[in-house]
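Inside the fold
What follows is the residue order along each chain.
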Amino acid sequence: MSATEAFSRQSVYFDTLEEKHRVLTYLRAQVRAHVRRFIEPGDFMLELNAGTGLDALYWVKRGVRVHATDAAEGMLKQLHQKKEYSSAGRMTVEYLDFTRIEHLQYKGFSYVFSNFGGLNCTANLEAVMDGLMPFLAAEATITWVLMPPFCLREALKLLRGRWRYASRRWRGHTTAHLEGVHFPVYYHAPGKVKRLFQSYGFETVALEAMSLLYPLPEEEEWAKKHPLLTRWCSYLDSKLRHRMPWAAWGDHYIITARRKKQYACV
Ligand SMILES: C[S@@+](CC[C@H](N)C(=O)[O-])C[C@H]1O[C@@H](n2cnc3c(N)ncnc32)[C@H](O)[C@@H]1O
């Protein structure tokens, strides 16, 4: 069984999970603040692995036209059921496996967005870029949120003797277990992704870490118990997360690239 089967099963309570989850709320706000630096109200966004559409609806409300896609039927069902979706107007939804982008209902996307590690479900980001290229506008921007192969906060668990957990990313891949489904997860180093973007004529314009020292999503209880320490970690993150090597050492990182004008061919 696959990642999308696992996420389909999780889809029924996906939004509820996040509602009162301080860490996830904080992290999603960080991603949105990052994207707001680059997106414009008239943009046409293709969202890959959009899940239940939490971000898609957020961007639509801010004047962006969004085509939200995912390959988990359960996620798409949740999205279709949302009242805001039917009244959103500027939003469309399509089933799409990002490893097989051959046809899409639309083209001319000026922004491609993928949040919270959806693209860590594939080892082959080249296939994703290959698939995307015919559908992009001349001056397209890409923002992906990915998990890197080294996470400082996880590595620090070595001090507590949690060797397996601390080192689980270091081989570059692992097996995730969600909703009774096992599926492979692949970690992508920011340097590799930068080179990939470069080879398709994109220049990386921003890179920042998420949960460098700030708690990981699974450390919600720790964050609740230690609000001052959590705030302090948030402060330190804000000072370090844009600088190398820290930018590459978070639980996730946000990377944004823009197509250089001389490569534009649409
Ligand atoms: C952690 S969830 C994130 C969902 C959403 N981006 C968010 O931030 O709430 C990962 C998503 O990736 C999707 N996904 C996994 N493999 C996929 C694939 N091959 N094609 C498209 N979507 C995929 C899953 O169905 C799931 O919705």
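Structure first, text after, so check above.
Section: the site of the ligand
Contacts to the ligand come from 19 residues, most closely from R28, N49, D70, D97 and F98. Between the ligand and R28 there is a distance of 2.8 Å, counted from an oxygen atom to a side-chain nitrogen or oxygen. Contacts to the ligand include D97, whose side-chain N or O atom sits 3.0 Å from a nitrogen atom. Within the complex, 93% of the 590 Å² of free accessible area of the ligand lies under protein.

Overview of the packing of helix 1 (residues 3-19) against helix 2 (residues 22-36)
Here helix 1 crosses helix 2 at 95°, and the two axes come no closer than 7 Å. Judged by the angle between their axes, helix 1 and helix 2 are roughly perpendicular. Together, F14, E18 and E19 of helix 1 and L24, T25 and R28 of helix 2 make up the contact between the two elements. Taken together, the residues that form the contact of helix 1 with helix 2 break down as 2 nonpolar, 1 polar and 3 charged.

Brief notes about the side chain of D70
Counting through the fold element by element, D70 comes out in strand 2 (residues 65-70). The side chain of D70 is buried and forms no salt bridge, while R28, the nearest opposite charge, is found at 10 Å. Reaching out from D70, the side chain makes a polar contact with the backbone nitrogen of A50 at a distance of 3.3 Å. Within polar-contact distance, the side chain of D70 engages the backbone nitrogen of A72 at 2.8 Å. Once residues within four sequence positions are removed from consideration, D70 is found in contact with N49, A50, G51, M75, L76, E94, Y95 and L96.

Reading guide: rules and limits
Residues numbered from 1 in each chain as written. Predicted model: local features only at pLDDT ≥ 70, side-chain atom pairs only at ≥ 80, totals over all residues. Heavy atoms only, no water. Near = heavy atom within 4 Å. Polar contact = N/O pair within 3.5 Å; in protein donor to acceptor, adjacent residues only side chain to side chain. Areas by Shrake-Rupley, 256 points an atom, 1.4 Å probe, with all protein chains shown as cover. Axes fitted to C-alpha atoms, helices over the stretch in contact; angles between N-to-C directions. Helix = DSSP H or I, 4+ residues; strand = E, 2+ residues; numbered from the N terminus. Parallel < 35°, antiparallel > 145°, perpendicular 65-115°, else oblique. Contact = heavy atoms within 4.5 Å. Nonpolar A, V, L, I, M, F, W, Y, C, P; charged D, E, K, R; others polar. Buried < 20%, exposed > 50% of the residue type's maximum accessible area, 1.4 Å probe, protein only. Lys, Arg positive; Asp, Glu negative; His and termini not counted. Salt bridge = Lys/Arg side-chain N within 4 Å of Asp/Glu carboxyl O.

By themselves these figures say nothing about function.
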